Amino acid sequence: MIEETLLEAEEKMEKAVGVAKEDFAAVRTGRPGPATFNKITAEYYGAQTPINQLASFSVPEPRMVVVSPFDKSSMSAIERAIRESDLGVNPVNDGNIIRVVFPDLSEERRKEYVKVVRTKAEDGKVSIRNVRRRAKELIDKAVKDGEIGEDEGHRGQTELDEITHKYSAEIDELLKAKEAELLEV
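- The protein chain goes by Ribosome-recycling factor in an unreviewed UniProt entry, where it is assigned to Nocardiopsis composta.
- According to UniProt, the comment filed for the protein chain under the heading Subcellular location (unreviewed entry) is "Cytoplasm".
- Turning to the protein chain, the UniProt annotation filed under Sequence similarities (unreviewed entry) states: "Belongs to the RRF family."

**Looking at the packing of helix H3 (residues 107–144) against helix H4 (residues 150–183)**
Then, number 1: Packing of H3 against H4 brings their axes to within 10 Å, and their N-to-C directions diverge by 170 degrees. Between H3 and H4, the angle is such that the two are roughly antiparallel.
Then, number 2: Of the residues in the contact of H3 with H4, the class split is 14 nonpolar, 6 polar and 13 charged.

**Quick notes on the packing of aromatic side chains**
Each aromatic ring pair is characterised by the separation of its centres together with the angle its planes make.
Then, number 1: Per the stated rule, a full pass over the model turns up 3 aromatic pairs.
Then, number 2: Ring geometry for Phe37 against Phe57: centres 5.0 Å apart, planes inclined by 20 degrees, an arrangement best described as stacked. Of this pair, Phe37 sits in the loop between helix H1 (2–26) and strand E1 (41–44) while Phe57 sits in strand E3 (residues 55–61), placing them 20 residues apart in sequence. An identical accessibility class is assigned to Phe37 and Phe57; each is buried.
Then, number 3: Here the aromatic rings of Tyr44 and Tyr45 are separated by 4.7 Å at their centres, their planes lie at 75 degrees, and the arrangement is edge-to-face.
Then, number 4: On the basis of relative accessibility, which here comes to 69%, the residue Tyr45 falls in the exposed class.

**Description of H1**
Then, number 1: Look at H1: 36 Å from first C-alpha to last across 25 residues, which is about the 36 Å you get at 1.5 Å a residue.
Then, number 2: Looking at H1, one finds that the buried residues are Ile2, Thr5, Leu6, Ala9, Met13, Ala16, Val17, Ala20, Asp23, Phe24 and Ala26.

**Comments concerning the pattern of salt bridges**
Then, number 1: Within this structure, the stated rule accounts for 12 salt bridges.
Then, number 2: The partner of Asp172 in a salt bridge is Lys125, with the nearest N and O atoms 2.6 Å apart. Placement of Asp172 in helix H4 and of Lys125 in helix H3 is noted, with a sequence separation of 47 residues between them.
Then, number 3: Residue Asp172 is classed as partly exposed on the basis of its relative accessible area, which comes to 34%.
Then, number 4: The buried category is assigned to Lys125, whose relative accessible area is 18%.

**A short note on the nonpolar core**
Then, number 1: Grouped together as the largest cluster of nonpolar side chains are 26 residues, with contacts concentrated most on Met13, Val117, Ile128, Leu160, Tyr167, Ile171 and Leu182.
Then, number 2: Of all the secondary-structure elements, those providing two or more residues to this core are H1, H3 and H4.
Then, number 3: For Met13, the contacting residues outside a window of four places in its chain are Ile128, Val131, Arg132, Leu160, Ile163, Thr164 and Tyr167.
Then, number 4: Ranked by size, the runner-up nonpolar core spans 19 residues in total, among them Ile40, Leu54, Ala77 and Ala81.

**Regarding the sheet that holds strand E6 (residues 98–101)**
Then, number 1: Here we have 4 strands laid out as an open sheet, ordered E3-E4-E6-E5, and antiparallel in their pairing. Each end of this open sheet is capped by a strand with a single partner; those strands are E3 and strand E5 (92–93).
Then, number 2: As judged from the 4 bridges shared by strand E4 (residues 64–69) and E6, these two strands associate in the antiparallel manner. Within E6, the position partnered with Val65 by the bridge is Val100.

**As for the environment of Leu138**
Then, number 1: Looking at the secondary structure, you find Leu138 in helix H3.
Then, number 2: Separated by 12 residues in sequence, Leu138 and Glu150 have C-alpha atoms that sit 13 Å apart.

What counts as what
- Throughout, residues of each chain are indexed from 1 in the direction in which the sequence is written.
- The predicted nature of this model means local features are confined to residues of pLDDT at least 70 and side-chain atom pairs, given and counted, to a pLDDT of 80 or more, with totals for whole chains, interfaces and linings taken over all residues.
- Only hydrogens and water are set aside when side-chain values are computed; all heavy atoms of the structure are taken into account.
- UniProt positions are given in the numbering used here, feature names are shortened, and annotations may be inferred rather than shown by experiment.
- Axis definition: a line fit to C-alpha positions, over the contact stretch in the case of helices; interaxial angles, taken between N-to-C directions, run 0 to 180 degrees.
- Here a helix means four or more residues in a row that DSSP labels H or I, a strand means two or more in a row labelled E, and each is numbered from the N terminus.
- Throughout, the term roughly parallel applies to angles under 35 degrees, roughly antiparallel to angles over 145, roughly perpendicular to angles from 65 to 115, and oblique to all others.
- Each residue receives one of three labels: charged for Asp, Glu, Lys and Arg, nonpolar for Ala, Val, Leu, Ile, Met, Phe, Trp, Tyr, Cys and Pro, and polar for the others, Gly being one of them.
- Within 6.5 Å between ring centres, the rings of Phe, Tyr and Trp (the latter by its six-membered ring) count as paired, and their orientation is classed by plane angle as stacked under 30 degrees, edge-to-face over 60, tilted in between.
- Burial here depends on accessible area, computed with a 1.4 Å probe over protein chains only, as a share of the maximum for the residue type. Under 20% is buried, over 50% is exposed, and the range in between is partly exposed.
- How far a helix is expected to stretch is found by multiplying one less than its residue total by 1.5 Å.
- Counted as salt bridges are all cases of a side-chain nitrogen of Lys or Arg within 4 Å of a carboxyl oxygen of Asp or Glu.
- Residue types Ala, Val, Leu, Ile, Met, Phe, Trp, Tyr and Cys, when buried and joined through side-chain atoms within 4.5 Å, form a set referred to as a nonpolar core.
- Here a residue-residue contact requires only that any non-hydrogen atoms of the pair lie within 4.5 Å.
- Here, a strand pair is defined by DSSP locating no fewer than two bridges between the strands.

Take a look at the structure:
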């Protein structure tokens, strides 16, 4: 009973860390990459489709990303989606590919991104704490119902706290690395 609860909690915490990693990758640093476009969607045959499913991306220069649509008819929709996104760039369409040149990040913009990343990290930690709370409630209920002993319940909660601390620390490490990446000039 406790092992199942802890295993389930650990899986959900791993997913929370994975979501935080994806969110961090989507925040642009000085070096744009394909992950910068992960959250952008374009209208394609009447459905909102992630543009990373509509095109391939390459980075020929440090501040430029070349977007090559698989279907040329989707080019204007991809261009519009990039222009309207929160990236703050103006894509250039030459009929075959879309060039996206990223300006250097100003100090002010970097600090804004740090705030965004901290918010995303806190969201991840809140998610981990919610998983911990649910698992703790299940363990407490099992002790109360007499399914497991108090000692076993206490041991389970101690393990749960260790797992929670491990994944919270992982998010802290990701945050620290992303902040350093954002603030390096």
